[in-house]
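Descriptive structure summary
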Amino acid sequence: MKSLVYISGLLAAGALLTQSCSNVGCTENQNSLPLAGFYAMSTGQAIVPDSITIGGVGAPSDTLLLTLDSRQQQLYLPFRSTSPSTSFYIHYCQKALDYPELNDTLSFDYDAVPYFASEDCGAMYHYRVTRYTYTTHLIDSVGMTDSLITNIDRETIRIFFRTADPDNPDDND
Amino acid sequence: MTMTDLQAKTTAPGLRRLLKMLLLTLFVIAGTELSAQRRVTPVKTPEPGTTPKTERPRRIDRSKLVEMTDASGNTILVDTITGTEVKDTALMAPPPKMIYPLLHEVTAGVNLWNPIMRAFGQSYGLGDVWAELSLHNRYFPYFAIGVDNCNDTPDESNFTFRTPVSPYFKIGASYNFFYNSNPDYKLQMGLRYGFTSYKWSVENVTVDEGYWDDPSHFSIMNQRSTSGYLEVTFGLKVKVFKNWSLGWNIIYHSLIHDTKSSYGEPMFIPGFGTRGSAVTGNFSLMYTLPINKKKTSEVNTVTEGDTQTELHD
């Protein structure tokens, strides 16, 4: 009888412990954020562009997503959930290119689908991209690896730039 | 030598005889080889005038045996010279494999786990009633019917998850490790299958990417799902008062089928709990109704009078 009381206590403690330790947390994003990567068209290699800034067209207070100080190979381009399309601009800050007319613009049209991911990651939209357009001042091309944007943290947009060859710096478009 | 010469030679009668002898010799050699493979285990014979080291079991002289009964009621044979006691196994009743009858008890219980956990802040779950039949106090077929609901807005979340009161069913069986012991105490392991069909909604969702400063709102309403899950239980039951008992269970559970929805997966499943949890519990108050109180050993006991009657017959 005594041993049963001990086992009972052990089971109760174990059960309460497992209740409190059951959540593993959200291992993905809590929003569906498209992740874009930068590449050199000439080599196909990933690059970290310098002297550029990126922002959303119509963003409050012209807030930038990529500032001059931050050099990144990948960048999240959050879609506006209240709108069926979102546009982003890329401004080049090099001396010869520092004009708004030479900005590149990237636009996405999409359908936003409500989605409940999990208790930890919460509810969000999944975005099904129906069309995307871009200008080609310094951008050579843009590609998408998947038209469905979810909260899974993976690169779905690839932006290829025309870059100068380090061996032939004059060979810049 | 050409082929023609060889044929001429083999057809010669002298050579035929030679071949026959050669074959015979080969048979004899083969037979010798076979006999050479036979193994012989060497046995060391004891030297004359010595006793072997291995002790043989002593023989009991049956003429010197006296029949007696020990404290347990077993018939024993006592050698009056050496004092050796031997149990008369022929007169001993074989121990029954299961001492409790096939239809032993019926137990009905109320699972109080969710009401208790709700008192500690849980936002889902109601409860279930269940019944199980004791077969030999060893096997326990089990059936449960219950209802659950959910109305939960987790901390730091952007939604409210709702499931209206929905039924669920469980069927399975348990095994009692103490099957030949006092049935007031049981240590059981069980396997159950749970099934439920229910509706779910995700309401008051706010989506804010944090950049556009333009949050949007939506709700996913009245999605219908059907889920099935498997439970492995381990627990015990203790009698507390007359026919009333209390029981604990730790349950490991896993979803085995679930309706897919383009709007996501429900976070709460009736009878299962939250989707992310692998382990849960069960705490039951139960009432046991005896069907057959007699032990199998009591039923099988043969009285002395009966034996004599059989002998006379």
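What you see is a predicted model, and the numbers here were worked out from it, not measured in a lab.

So, on to the overall build of chain B. When you go through chain B residue by residue, the secondary structure sums to five helices and 13 strands. The 313 residues of chain B split such that 27% are buried. Across chain B, every contact between residues at least 6 apart in sequence was considered, and the portion connecting residues at least 24 apart equals 59%.

Of regular secondary structure, chain A possesses one helix and 10 strands. Moving toward the C terminus, one meets the helices and strands of chain A in the order α-β-β-β-β-β-β-β-β-β-β. Looking at chain A residue by residue over its 173 residues, the buried ones come to 27%. A fraction of 54% describes how many contacts in chain A between residues 6 or more apart in sequence connect residues 24 or more apart.

It is worth spelling out unusual backbone geometry at this point. The backbone of Asp62(A) shows a phi angle near 50°, a positive value even though the residue is not glycine. When you line up the elements, Asp62(A) lands in the loop between strand S2 (52-56) and strand S3 (64-66). Judged by C-beta crowding, with 9 C-beta atoms within 10 Å, Asp62(A) ranks as exposed. Even without being a glycine, Lys242(B) presents a positive backbone phi close to 45°. Looking at where Lys242(B) falls in the secondary structure, it is placed in the loop between strand S9 (216-241) and strand S10 (244-258).

This brings us to the interface of chain A and chain B. With 31 residues of chain A in contact, the opposing surface of chain B contributes 30 residues. Of all the secondary-structure elements, those providing two or more residues to the side of chain A that touches chain B are helix H1 (2-20), strand S6 (104-118) and strand S7 (122-134) of chain A. Of all the elements, H1(A) adds the most residues to the side of chain A that touches chain B, at eight residues. Looking at the side of chain A that touches chain B residue by residue, the class counts come to 17 nonpolar, 12 polar and two charged.

Another aspect to go through is the pairing of strand S8 (residues 185-207) of chain B. All names here are of chain B. In this structure, strand S7 (residues 160-176) lies alongside S8, joined through 12 bridges in antiparallel fashion. When the sheet's bridge partners are listed, Thr 160 is paired in S8 with Glu 203. Note: S8 against S9, 20 bridges, orientation antiparallel. Following the sheet pairing, Phe 195 is matched in S9 by Gly 228.

Right, let's talk about the sheet that holds strand S3 (residues 85-87) of chain B for a bit. All names here are of chain B. Pairing is antiparallel across the open sheet formed by three strands, whose spatial order is S1-S2-S3. Where the open sheet ends on each side, the last strands, each with one partner, are strand S1 (65-69) and S3. Across the sheet, the mean angle from the axis of one strand to that of its neighbour is 30°, orientation sign disregarded. Direction of pairing for strand S2 (residues 75-79) relative to S3: antiparallel, over a ladder of three bridges. Directly across from Ile 76, in S3, lies its bridge partner Lys 87.

Summarising the sheet, strand S4 (residues 103-111) of chain B and strand S13 (residues 279-290) of chain B pair through seven bridges and their orientation is antiparallel. Looking at the pairing, Asn111(B) lines up with Ser284(B) of S13(B).

This paragraph deals with the nonpolar core. In terms of nonpolar packing, the biggest core is built from 27 residues, with Ala123(A) and Val202(B) touching the most fellow members. Listing elements by their share of this core, those giving two or more residues are S6 and S7 of chain A together with S8, S9 and strand S11 (268-269) of chain B. Ignoring any residue separated from it by four or fewer positions in sequence, one finds Ala123(A) in contact with Pro114(A), Tyr115(A), Phe116(A), Asn158(B), Phe159(B), Val202(B) and Val205(B). Within the second largest apolar cluster, 14 residues are counted, among which are Ala36(A), Ile54(A), Ile157(A) and Ile159(A).

For the rest of this paragraph, the subject is the sheet that holds strand S10 (residues 155-161) of chain A. Residues and elements named next belong to chain A. Strand order in the open sheet formed by four strands is S4-S1-S10-S8, and the pairing between neighbours is mixed. The open sheet terminates on both sides in strands that have one partner only, identified here as strand S4 (74-76) and strand S8 (139-144). Mean inter-strand twist for the sheet, computed between neighbouring axes without regard to direction, equals 25°. Pairing analysis gives three bridges linking strand S1 (residues 35-40) to S4, with the strands arranged antiparallel. Of the residues in S4, the one forming a bridge with Leu 35 is Tyr 76.

What follows covers the environment of Ser85(A). Residues and elements named next belong to chain A. As for its position among the elements, Ser 85 is in strand S5 (residues 85-92). On the basis of neighbour counts, which here come to 16 C-beta atoms within 10 Å, the residue Ser 85 falls in the partly exposed class. With 24 residues separating them in the primary sequence, Ser 85 and Asp 109 have C-alpha atoms 4.3 Å apart. Non-local contacts of Ser 85, meaning those with residues more than four positions away in its chain, are made with Ser 107, Phe 108, Asp 109 and Tyr 110.

As a further point, take the confidence of the model for chain B. Residue and element names in this part refer to chain B. Across chain B, the average pLDDT comes to 81, with 72% of residues at or above 70. A low-confidence stretch, residues 1-11 stays under pLDDT 50, and its non-local contacts, those more than four residues away or across chains, total three contacts. Here residues 299-313 is a poorly scored stretch, pLDDT under 50, and it has three contacts once near neighbours within four places are set aside; other chains count.

What follows covers the environment of Pro270(B). Residues and elements named next belong to chain B. On the secondary structure map, Pro 270 appears in the loop between S11 and strand S12 (273-274). Owing to 30 C-beta atoms within 10 Å, Pro 270 belongs among the buried residues under this scheme. Sequence spacing of Pro 270 and Ser 197 is 73 residues, and the spatial spacing of their C-alpha atoms is 8.3 Å. Among residues more than four places away in sequence, those in contact with Pro 270 are Asp 148, Thr 163, Ser 166, Tyr 168, Thr 196 and Tyr 198.

Take the environment of Ser227(B) next. Its place among the elements puts Ser227(B) in strand S9. In sequence terms Ser227(B) and Lys260(B) are 33 residues apart; their C-alpha atoms lie 9.9 Å from each other.

Here is what the cut-offs are and how they apply
- Residues numbered from 1 in each chain as written.
- Chains lettered and ligands numbered in written order.
- Predicted model: local features only at pLDDT ≥ 70, side-chain atom pairs only at ≥ 80, totals over all residues.
- Helix = DSSP H or I, 4+ residues; strand = E, 2+ residues; numbered from the N terminus.
- Buried ≥ 20, exposed ≤ 12 C-beta atoms within 10 Å, placed from the backbone.
- Contact = placed C-beta atoms within 7 Å.
- Nonpolar A, V, L, I, M, F, W, Y, C, P; charged D, E, K, R; others polar.
- Pairing = 2+ DSSP bridges.
- Axes fitted to C-alpha atoms, helices over the stretch in contact; angles between N-to-C directions.
- Core = buried A, V, L, I, M, F, W, Y, C linked by C-beta atoms within 7 Å.
- pLDDT = per-residue confidence, 0-100.

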